[in-house]
Amino acid sequence: MSHRKQDYYSILGVMRDASQEEIKRAYLDAAQRLHPDRNTSAGDTEMFLDVQQAYEVLSNPKRRAQYDATLPPDVKVDLPYTHNIIYSRSNLVRMTEPQMVYLLLEIQAPVELRRAPSPPLNACIIIDRSTSMKGEKMDVVKAAAIQVLRNLRQQDIMSVVAFSDRAEVIIPAAYHLDRARLEARIQMIQPSGGTEIFQGLEAGAGEIMRNLDAKRLNHIILLTDGQTYGDEQQCLELASKLGERGVGISAMGIGMEWNDIFLDVLATRTGGSSAFIAEPQDIKKLLLEKFNSLAQVYAEEMNLVTEPVEGVQLSYAFRLRPDPGLIMVDETTLRLGPILQDTSTRVIFEYIIHPTAVKSDLATILDGVLNVSIASSALPIPDFRMRLQRPVLDAADADSPPPEIVQALSRLMLYRMQERARNEIEKGNIEAGTRQLQTLAANLMTQGERSLARTIALEVDRIQKEKGISAEGGKKIKYGTRALFLAPPKKELIP
């Protein structure tokens, strides 16, 4: 079917109830992407004309009303991805106390598109070259960056920034053909100075923005071994702006002295994730794995824009895969991360339902819109309206939770045990924190995770002596339990 016969709302990628502002914004985005001055691909000119025609009709209230009258009552939106939603409970209960419900959202690429060419990259590697990186760490980082450069496709754009207390663009963002000369520039990076992450992040963002393109995968990879001081808020504000522009951040901490909480929040603001590199020899492996995963991206961005629901509180959200990590829940836009070609994206949501939400026979848990960005798609992807509801009964259903929910929660509870333990210890509640860690170690031991259980047991002994969690132990426990989400399920938790 030709584009001219498509629904005008689908052409602009908006819903039937879109506001005039949403229609205008969608038109400007599509027109910029498809304008003949910028695109010469076959079919782009025709699509540009379709977009113009759709906007001319929908931006005029009278013509829009006449057009809406010609549409069937229900227009099924054809989405370029499959989705599934699993509830922990088949119903809510009419009661005077808060109750909890979990939702598991799974999204994946259609089977026929899982081997489609991935979008070209617009990537920047930001390298910490402070004095602490001297020696093996810097040598391995440079070797890894050179290997990434050699693996680039002709259509990829890459830049390299090095920073300490100031930043330097080692390789400007461009198509790189004379790679031998560029490798020599990477080899010349020498450690010196302190660690000011904002300097590097700002320079890297500048290189990304020079070639920012919705048809590319725009991504920053930050490697550091130290803590930044005094510029954290600037970094987080810049990350939020990058996230709004569709730029992702992956943060990799090397060794034990970097601030994992800060890097986690930094990456999360863009839908990205942080990673722990315990030993220098692992740098190359993990950096190449990250670039390989970028080459497998089907949809580079997936956001859930939510509306407030009376009596309903989203208390926790966690991406189970492909890159396990927290999702910020204190904003209306939840950045869920990318969709890979051969791996589904899974996110679990924890909701607290207050009595005011269960007064009627049908309770709304989530009211929002899922929008997905796919660089290989010439036209905007239609938004998907998510209005999730459960019946309200006088008694709970006796059915057990679905196995997918049980498996997800069994891993999530382990991860949250270490979160709670760390919070207690940082507040000075040593006994409560170590008790949480001991329970966590016991559960891990029963599941066959003996190495991680021993790590926790050793850390408990250290905490009891030193009255605080060590940088090394905290990271090993946090990222060790996070890695469990990618392992096959084993035995149940100890109650």
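The structure displayed is predicted, hence computed values, not measured ones.

Here is what the cut-offs are and how they apply
- Within each chain, residue numbers correspond to sequence positions counted from 1 in written order.
- Two thresholds apply to this predicted model, a pLDDT of at least 70 for residue-level local features and 80 or more for giving and counting side-chain atom pairs, whereas whole-chain, interface and lining totals are computed over all residues.
- Neither water nor hydrogens contribute to the side-chain values; these are computed over all heavy atoms in the structure.
- Think of it this way: any DSSP run of H or I at least four residues long counts as a helix, any run of E at least two long counts as a strand, and we number them from the N terminus.
- In this setup the radius of gyration rests on C-alpha atoms only. A globule is expected at 2.2 Å times the number of residues raised to 0.38.
- Burial classes: relative accessible area under 20% of the type maximum marks a residue as buried, over 50% as exposed, and values in between as partly exposed (1.4 Å probe, protein chains only).
- Contacts between residues were defined by any pair of non-hydrogen atoms, one from each residue, lying within 4.5 Å.
- Note on areas: these come from Shrake-Rupley sampling with a 1.4 Å probe, and a residue is covered only by the protein chains present in the view.
- A positive count includes Lys and Arg, and a negative count includes Asp and Glu. His and the chain ends are not counted in either.
- The atom standing in for a charge is NZ when the residue is Lys, CZ when it is Arg, CG when it is Asp and CD when it is Glu.
- What makes two strands pair is DSSP finding at least two bridges between them.
- Helix axes are fitted to C-alpha atoms over the stretch in contact, other axes to C-alpha atoms as well, and angles between N-to-C directions run from 0 to 180 degrees.
- Charged residues are taken to be Asp, Glu, Lys and Arg, nonpolar residues to be Ala, Val, Leu, Ile, Met, Phe, Trp, Tyr, Cys and Pro, and polar residues to be all remaining types, Gly included.
- Among buried residues, the Ala, Val, Leu, Ile, Met, Phe, Trp, Tyr and Cys ones that are joined through side-chain atoms within 4.5 Å form a nonpolar core.
- Cavity and pocket criteria rest on a 1 Å grid covering protein atoms alone: a 1.4 Å probe that fits but cannot get out defines a cavity, protein on both sides within 12 Å along at least 5 of 7 lines defines an open pocket, and an atom within 4 Å of a point defines a lining residue.
- Grid points are joined across faces, edges and corners, and a volume is the space filled by probe spheres set on the points.
- Patch criteria: residues need more than 30% relative accessible area and no salt bridge. Like-charged residues are merged within 9 Å; nonpolar side chains of Val, Leu, Ile, Met, Phe, Trp and Tyr are merged within 5 Å.
- Counted as salt bridges are all cases of a side-chain nitrogen of Lys or Arg within 4 Å of a carboxyl oxygen of Asp or Glu.
- The pairing test for Phe, Tyr and Trp rings, Trp by its six-membered ring, is centres within 6.5 Å, and the orientation test on the planes gives stacked under 30 degrees, edge-to-face over 60, and tilted for anything in between.
- Both a distance and an angle decide whether a charge sits over a ring: NZ of Lys or CZ of Arg must be within 6 Å of the ring centre and within 35 degrees of the ring normal.
- Here a helix's expected span is defined as the number of its residues, less one, multiplied by 1.5 Å.
- When we speak of the arc, we mean the arc of directions from the helix axis to the C-beta atoms.
- Look down the strands so they point away from you; if going from the first strand over the helix to the second traces a clockwise path, that crossover is right-handed.

(A) Looking closely at the overall build of the protein chain. Regarding its fold elements, the protein chain presents 14 helices and 18 strands. In terms of C-alpha radius of gyration, the protein chain reaches 24 Å, essentially the compact-globule figure of 23 Å for 495 residues. Along the first, second and third principal axes, the C-alpha atoms of the protein chain reach 75 × 70 × 40 Å. Going through the 495 residues of the protein chain one by one, you find that 52% of them count as buried. Within the protein chain, contacts between residues separated by at least 24 positions form 77% of all contacts whose residues are at least 6 apart in sequence. As presented, the protein chain carries roughly 22700 Å² of accessible surface, and 50% of it is formed by carbon and sulfur atoms. Considering the protein chain, the positive charge centre built from 59 side chains and the negative charge centre built from 65 side chains are found 3 Å apart.

(B) Structural view of the sheet that holds strand β5 (residues 157–163). The six strands are arranged β6-β5-β4-β7-β8-β9 in an open sheet whose pairing can be described as mixed. Unpaired on one side and paired on the other, β6 (167–174) and β9 (274–277) mark the two borders of the sheet. In this sheet, neighbouring strand axes are inclined to one another by 15° on average, regardless of whether the strands run parallel or antiparallel. Examined bridge by bridge, strand β4 (residues 121–128) and strand β7 (residues 217–224) share seven bridges and lie parallel to one another. Counted as the bridge partner of leucine 121 is leucine 217 from β7. Relative to the sheet, helix α6 (residues 179–187) contacts β5 and β6, its axis offset from that of β6 by approximately 165°.

(C) Representation of the packing of helix α9 (residues 260–268) against helix α14 (residues 471–483) in the model. The interhelical angle for the contact between α9 and α14, taken along N-to-C directions, is 40°, at an axis separation of 11 Å. Counting all contacts with α9, which are made through Asp260, Ile261 and Asp264, the residues of α14 involved are Lys475, Lys478, Tyr479 and Arg482. Class assignment for the residues of the contact of α9 with α14 results in two nonpolar, no polar and five charged.

(D) Seen up close, the nonpolar core. Membership of the largest hydrophobic core comes to 38 residues, with the highest contact counts inside it found for Leu336, Phe349, Tyr351, Ile353 and Leu370. Elements represented by at least two residues in this core include exactly β3 (99–108), β10 (297–299), β11 (301–306), β12 (312–321), β16 (345–353), β17 (362–373) and β18 (384–393). At five residues, the largest contribution of residues to this core is made by β17. Residues Ile127, Ile277, Leu294 and Leu340 belong to the second largest nonpolar core, which totals 35 residues.

(E) Structural view of empty space enclosed by the protein. Evaluated as defined, the whole model comprises two cavities of 30 Å³ or more. As for the largest cavity, its lining consists of Ile85, Leu103, Leu104, Leu105, Leu304, Phe349, Leu366, Met386 and Leu388. Looking at the lining of the largest cavity, the elements that each hand over two or more residues are β3 and β18. Examining the composition of the lining of the largest cavity, we find that three residues originate from one element, β3, more than from any other. Residue composition of the lining of the largest cavity, grouped by class: nine nonpolar, no polar and no charged. Ala116, Pro117, Ser118, Pro119, Val297, Tyr298, Gln341 and Ser376 are the residues that line the second largest cavity. Partitioning the lining of the second largest cavity into residue classes produces five nonpolar, three polar and no charged.

(F) Representation of a negative patch on the surface. Residues Glu136, Asp139, Glu279 and Asp282 make up a contiguous surface patch of negative charge. For aspartate 282, the position within the fold is in the loop between β9 and α10 (283–294).

(G) Seen up close, the packing of aromatic side chains. Counted under the stated rule, the structure contains 10 aromatic pairs. Members of the aromatic cluster, each reached through a chain of ring pairs, are Tyr8, Tyr9 and Tyr67. For arginine 416, the ring lying beneath its charged end belongs to tyrosine 316, and the centroid distance is 3.8 Å. Over the face of the ring belonging to tryptophan 258 we find lysine 475, whose NZ or CZ atom lies 5.1 Å from the ring centre.

(H) Summary view of the sheet that holds strand β2 (residues 92–93). Taken in spatial order, the five strands line up as β2-β18-β17-β11-β14 in an open sheet, and their pairing is mixed. Looking at which strands have only one partner, the edges of the open sheet turn out to be β2 and β14 (333–335). Sheet topology note: the β11/β17 ladder contains six bridges and is antiparallel. Pairing of valine 305 across the sheet is with valine 369, part of β17.

(I) View of the environment of glutamine 108. Checked against the element boundaries, glutamine 108 lands in strand β3. Along the backbone, glutamine 108 and alanine 299 are 191 residues apart, and their C-alpha atoms lie at a distance of 9.3 Å.

(J) Region of the structure containing the pattern of salt bridges. Inspection of the entire model under this criterion finds 24 salt bridges. Lysine 478 is the salt-bridge partner of aspartate 260, the closest N and O atoms lying 2.9 Å from each other. On the criterion of sequence distance, the pair formed by aspartate 260 in helix α9 and lysine 478 in helix α14 is long-range, its members being 218 residues apart. As far as burial versus exposure is concerned, aspartate 260 and lysine 478 are alike and both buried.

(K) Molecular detail of helix α2 (residues 20–34). The terminal C-alpha atoms of α2 lie 21 Å apart, and with 15 residues this matches the ideal 21 Å at 1.5 Å per residue to within 8%. Among the residues of α2, those classed as buried are Ile23, Ala26, Tyr27, Ala30, Ala31, Arg33 and Leu34. The buried residues of α2 occupy an angular sector of 160° when projected down its axis, which confines them to one face. Counted as exposed and oriented over 90 degrees from the buried face of α2: Glu21 and Gln32.

(L) Representation of the pairing of strand β8 (residues 248–254) in the model. Judged by how many residues are buried, β8 sits mostly within the fold: seven of seven residues are covered. Of the two faces of β8, the one holding Gly248, Ser250, Met252 and Ile254 and the one holding Ile249, Ala251 and Gly253 are both buried throughout. In this structure, β7 lies alongside β8, joined through six bridges in parallel fashion. Each residue of the ladder has a partner; that of threonine 224, found in β8, is glycine 253. Note on the crossover from β7 through helix α8 (residues 232–244) to β8: the handedness is right-handed.

Taken by themselves, the reported measurements are silent on function.
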